[in-house]
Amino acid sequence: MKDFFKTLLRSYSGCAGFILLSSFVLLALIAPWINLPDPIIGNLHERLLPPDWTGLHPLGTDPVGRDILSRLIYGGQTTLMVAFSAVALGAIFGTGVGILAGFSGGIIDRILMRVIDIQLSFPLMILTLLVVAVLGPSIGNVIIVLALTSWTRYTRIIRGQVLVLKEREFILSAKAIGASAFWIMRQHILPNVLTPVMVIATLELARIIIMMAALSFLGLGVQPPDPDWGQMLAEGRVYISTAWWIVLFPGLAILLTTLAVNLLGDWLRDYFDPKTRLRR
């Protein structure tokens, strides 16, 4: 762990991504304890106030008088909760399927790979819109749908890793002494594929944040009055010429979060790359 943070501090991009992402997560966690205006209840007498860095509404207010800063922070809480949940579900399911397919081989491997091929033949955004429209827009359904669009990436990469690992001497030795397939997958295969899983999950987080914002923008994600960055963009697009701050700040939040995740993900990929590690 000490080497991890020492190496991180030497990378300007990785360190910037880590600090940015940590700041968004920290703000989301401490939101209930910050003295902020109510993000849901507005005041029509204060509608469409421009940013005032020294006043009660430093980032301005929206068309119904709700504080933009408060909605940004609480919207970040919702966005990050959904994104992290979807990434975790996709990683767990995709990794499990990848280990099973790679280690079992034969008919099981072929069936699972054909299922992945069928899912990948559909454009992801269209598939996501279709499933959310059928199940109905809610936070739980959005998490499930986003996880379903991401598990195939884990499965394909982890399967390739397992195909190499299962021919290694320590796996063959475990088979020779009569170890069960489940024990080998749990004790030997899983620990050796966690590194690529972590890298994929970091990069998937950025994609899922953008997809969630797109769903909310189209009215199929988080439902009003709960705040969400994509929903804030949708509400402010009508006022973009007269109240630019309504769309600017949620747009910047999405941009900076995805940038932070991508910077950190690129650094993690380089950090865990054996060739880079040998150079260090």
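Please read these numbers as outputs of a predicted model, since none were measured by experiment.

Asks: What is the right way to look at the overall build of the protein in this model?
Replies: For the protein, the count of helices and strands is twelve helices and zero strands. Across its three principal axes, the protein shows a C-alpha extent of roughly 75 × 45 × 30 Å. Looking at the 280 residues of the protein, the share that counts as buried comes to 45%. Put simply, the protein shows about 14500 Å² of open surface, and 69% of that area lies on carbon and sulfur atoms.

Asks: Explain helix H7 (residues 151-165) to me, please; I cannot follow it from the model alone.
Replies: For an α-helix the count is 3.6 residues per turn, leaving residues at separations of three or four pointing the same way. The terminal C-alpha atoms of H7 lie 21 Å apart, and with 15 residues this matches the ideal 21 Å at 1.5 Å per residue to within 8%. All of the buried residues in H7 are Trp151, Thr152, Tyr154, Thr155, Ile158, Val162 and Leu165. Across the axial projection of H7, the buried residues extend over an arc of 145°, all falling on one side. Those residues of H7 that are buried lie in contact with helix H3 (68-104), helix H4 (106-120), helix H6 (139-148), helix H8 (169-176) and helix H9 (181-217).

Asks: Looking at this structure, how should I read the pattern of salt bridges?
Replies: Note on pairing: side chains with opposite charge can pair once their charged atoms come close. Applying the stated rule across the entire model yields ten salt bridges. Glu204 serves as the salt-bridge partner of Arg207, at 2.8 Å between the closest nitrogen and oxygen. Placement of the pair is Arg207 and Glu204 together in helix H9, with a separation of three residues, close to one helical turn. By relative accessible area, which is 17% here, Arg207 ends up buried.

Asks: What exactly am I supposed to notice about the environment of Pro224 here?
Replies: For Pro224, the location among the structural elements is in the loop between H9 and helix H10 (229-236). Note on Pro224: relative accessible area 55%, which makes it exposed. Sequence separation between Pro224 and Ile40 is 184 residues, and the spatial gap between their C-alpha atoms is 8.7 Å.

Asks: Explain unusual backbone geometry to me, please; I cannot follow it from the model alone.
Replies: Of all residues except glycine, most have a negative phi; of all peptide bonds, most are trans. The phi dihedral of Leu48 is positive, around 55°, even though this residue is not glycine. Note on placement: Leu48 falls in the loop between helix H2 (12-30) and H3. Using a relative accessible area of 23% as the deciding quantity, one classes Leu48 as partly exposed.

Asks: Whenever I open this one, the packing of H3 against H7 confuses me. Can you help?
Replies: Relative placement of two packed helices is described by the angle separating their axes and the distance separating the axes. Packing of H3 against H7 brings their axes to within 7 Å, and their N-to-C directions diverge by 35°. Crossing handedness for the pair H3 and H7: right-handed. Here Val87, Gly90, Ala91, Phe93, Gly94, Thr95, Val97, Gly98, Ile99, Ala101, Gly102 and Phe103 of H3 come into contact with H7, specifically with Trp151, Tyr154, Thr155, Ile158, Arg159, Val162 and Leu163. Looking at the contact of H3 with H7 residue by residue, the classes come out as twelve nonpolar, six polar and one charged.

Asks: So what exactly am I meant to see when it comes to the confidence of the model for the protein here?
Replies: The predicted coordinates of low-pLDDT regions are not to be read in fine detail. For the protein, the average pLDDT comes to 85, and 96% of its residues sit at 70 or higher. By mean pLDDT, helix H12 (residues 274-279) is the weakest element of the protein at 53, and H3 is the strongest at 91.

Asks: Please clarify how the packing of aromatic side chains should be interpreted in this entry.
Replies: We describe a pair of aromatic rings using the distance from one ring centre to the other and the angle between the two ring planes. For the structure on display, the rule yields five aromatic pairs. Here the aromatic rings of Phe24 and Trp229 are separated by 6.1 Å at their centres, their planes lie at 70°, and the arrangement is edge-to-face. One end of the pair, Phe24, is in helix H2; the other, Trp229, is in helix H10, with 205 residues separating them in the sequence. Like Phe24, the residue Trp229 is buried in the burial classification. Seen in terms of ring centroids, Trp53 and Phe249 are 6.5 Å apart; in terms of plane orientation they differ by 90°. Their pairing is edge-to-face. With Trp53 in the loop between H2 and H3 and Phe249 in helix H11 (residues 245-272), the pair connects residues that are 196 residues apart, well separated along the chain. An aromatic cluster is present here, built from Trp53, Trp244, Trp245 and Phe249 joined pairwise through their rings. Sitting over the face of the ring of Phe217, Arg237 holds its NZ or CZ atom 5.5 Å from the ring centroid.

Quick notes on the rules
- Residues numbered from 1 in each chain as written.
- Predicted model: local features only at pLDDT ≥ 70, side-chain atom pairs only at ≥ 80, totals over all residues.
- Heavy atoms only, no water.
- Helix = DSSP H or I, 4+ residues; strand = E, 2+ residues; numbered from the N terminus.
- Buried < 20%, exposed > 50% of the residue type's maximum accessible area, 1.4 Å probe, protein only.
- Areas by Shrake-Rupley, 256 points an atom, 1.4 Å probe, with all protein chains shown as cover.
- Expected span 1.5 Å × (residues − 1).
- Arc of directions from axis to C-beta.
- Contact = heavy atoms within 4.5 Å.
- Salt bridge = Lys/Arg side-chain N within 4 Å of Asp/Glu carboxyl O.
- Axes fitted to C-alpha atoms, helices over the stretch in contact; angles between N-to-C directions.
- Left-handed = near helix turned anticlockwise from the far one by under 90°.
- Nonpolar A, V, L, I, M, F, W, Y, C, P; charged D, E, K, R; others polar.
- pLDDT = per-residue confidence, 0-100.
- Phe/Tyr/Trp six-rings, centres within 6.5 Å; stacked < 30°, edge-to-face > 60°.
- Lys NZ or Arg CZ within 6 Å of the ring centre and 35° of its normal.

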